[in-house]
Each structure stands twice: as structure tokens, then as C-alpha cells.
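Structural characterization, general
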Amino acid sequence: MSNIYIKIKSFYPVFFLFLLVLIIYLPPLLRGETLFYRDICVQDYPLTEFVKNSIWNGEFPLWNPYLFSGFPQMASLQPPLFYPGIFIYLLFPFDIAITILLIFHYLIGGIGIYLIARYWRLSKESGLLGGTVFILNGYMQELNNLEYILWAASWLPYIFLYVNKLYDQQKFKNFIFLILFSSLQLATGRFDFFYFTFIFVSIWLLYRFFREKKFSININELKKILFIISAFGFSVLLLSIQVFPVLEFIKTTVRSAGLTLKEA
């Protein structure tokens, strides 16, 4: 009994974060409601329904004939066809599926912050506080109507965690997990978020390098940096089936040239 109690006690922060997310998002789910406004209403819902119907009819949704004179659905990234969460939409009605995915991604994001705190040998209470702040902060809550950005943001703590683990210990396991989590973030279709994650990681590594007063790069330091960079590179390679069509599509859009401040 004592061993069972210890195991349950060690997981209480996860239970707390799960209950926190349920309190926020379960009531609308039980009432058959959902957070259905802005991009969700005019973009995510109709495109997701098209993708869902296409797959159930045995067709891979490369092309959407219902937009303009035809639209490259796979290259649009919304919804991201190679992200595992897309299968939830195949199994449930849209309103239920989006609530399930909101609960899931807020939860894993909060747990990720908790794991970072524990890796830095902070107390469980500190990790729990960090995870709670991550879930409830204004930016993350605003993303409940920009679901694909929320998905990308929720994997950031895990990328950051395994960047630090790989920097500390060049184990193959850490390398694989970094590829996995960075690939999941890239698969959400938010290439911009993936790009800025890489920039953030680079700045953090520079900080760690100079914090530890390493003013010269030796073979071991170079090995650490190459391991981390190559993990991001492998992620791009794994998602190349999605990346290259998107890059080709971007060239044909008006957004490829950007906007002036006045136009924006």
C-alpha cells in the first residue's frame, strides 16, 4: 500500500493540471458547446470537414475543388494533414474533437513545464506553479481559438527540455526524443513557430555556453551543438513531404512578398 501511495503522490501534479484544464473546458463539452469563433468558425471548421469527408471517402485531400478554381489543400497546412491530432477529427464531431484537443494540448504543455522544473531539481510545487502559469497565462488562453498555434506552443517545453538534456548528456535517447518533439511541432503546420523555436534554442545555448564560462569551443562543445542542430534538421527531413509543397505554394501567394507597415 505504501508503494502505491508513493506512486500516486508522485503524480499528483499531473492530476492537478488535468483537473485544472477540465474545469475550464469540460463544461462546454458536456453541454454540447465549444469555443467556436474567429478562425475556428470561418476557416478551421469548413476545411477540417472537407479533409474529414475526403479521407472517409478514401481520398487523400491533396486538392480542394470547392475554393476558388481549386486550392492545394495539403500545401495550405490548415488543417495539418500529417499531425497525429488530426485523427481525432476523424473519430468525433468537430465540436467534441476540438475540445478534446484543447484539453490535451493545454495539459501536455503544463506537464512539459513541470518536467523542466524537475529536471532543474526544483520542487514539485515550483513545477506545478510553472505548469499552472503556462496553462492560464493570457497568451495561451487566447490561443484556444487559434488551435494550430496552440498545438505548436504546447510542444515547446519538451523541445527546450531535450535540448538541455542533449546538451548535458549526448545520449542517443535524448537525440531521438528531441527529433520526435521538434517533428511534432513542425507537423502542426506552424513553420513560423518552429523557426522561432530554433532561434530561441540557439540564443539559450549561447547563454549556457557563456554562463559556464566556456570561451573556447573544443571538440565536445562542437559535438553538442551539432547534435542539437542535426536533430532539428532531421525533423525537417522527416516532414519534407509537407515542407516542400508548402514552400512551393508560398511562392505563388501574395504573402510571399510580405506587407508594408501601411498595408498591414
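Turning our eyes to something else, we now look at the overall build of the protein chain. When you go through the protein chain residue by residue, the secondary structure sums to 14 helices and 0 strands. Across the protein chain, helices and strands are ordered from the amino to the carboxyl terminus as α-α-α-α-α-α-α-α-α-α-α-α-α-α. Summarising its shape, the C-alpha atoms of the protein chain cover approximately 60 × 50 × 40 Å along the three principal directions. Counting over 264 residues, the protein chain shows a buried share of 44%. Expressed as a percentage of contacts within the protein chain between residues at least 6 apart in sequence, the contacts between residues at least 24 apart total 71%. Carbon and sulfur atoms provide 70% of the accessible area of the protein chain, an area that totals close to 15000 Å².

Given a rise of 1.5 Å per residue, 16 residues ought to cover 22 Å, and the 22 Å separating the end C-alpha atoms of helix H11 (residues 172-187) matches this to within 8%. Tucked into the core, H11 has its buried residues touching helix H9 (147-154), helix H10 (156-168), helix H12 (191-211), helix H13 (219-238) and helix H14 (240-251). Immediately beyond the C-terminal end of H11, within one or two residues, lies Gly189, with a positive phi of roughly 90 degrees.

For the protein chain, the mean per-residue pLDDT works out to 85, and 91% of the residues sit at or above 70. No element of the protein chain has a lower mean pLDDT than helix H1 (residues 2-10), which averages 49, and none a higher one than H11, which averages 95. Per-residue pLDDT stays below 50 along residues 1-8; that stretch engages in 1 contact with residues further than four places along the chain or on separate chains.

Let's shift gears to the nonpolar core. With 62 residues, the main nonpolar core has Tyr89, Tyr106, Val163, Leu178 and Ile228 as its most contacted residues. Not counting residues up to four positions away in its chain, the partners in contact with Ile228 are Val163, Leu166, Tyr167, Leu178, Val201 and Leu205.

Under the definition given, this model contains 3 salt bridges. The salt bridge partner of Arg208 is Asp168, with a shortest N-O separation of 2.7 Å. Residue Arg208 is found in helix H12, and its partner Asp168 is found in helix H10; the two are separated by 40 residues along the sequence. On the accessibility criterion, Asp168 (35% relative accessible area) is partly exposed.

The rules behind each value
Residues numbered from 1 in each chain as written. Predicted model: local features only at pLDDT ≥ 70, side-chain atom pairs only at ≥ 80, totals over all residues. Heavy atoms only, no water. Helix = DSSP H or I, 4+ residues; strand = E, 2+ residues; numbered from the N terminus. Buried < 20%, exposed > 50% of the residue type's maximum accessible area, 1.4 Å probe, protein only. Contact = heavy atoms within 4.5 Å. Areas by Shrake-Rupley, 256 points an atom, 1.4 Å probe, with all protein chains shown as cover. Expected span 1.5 Å × (residues − 1). pLDDT = per-residue confidence, 0-100. Core = buried A, V, L, I, M, F, W, Y, C linked by side-chain atoms within 4.5 Å. Salt bridge = Lys/Arg side-chain N within 4 Å of Asp/Glu carboxyl O.

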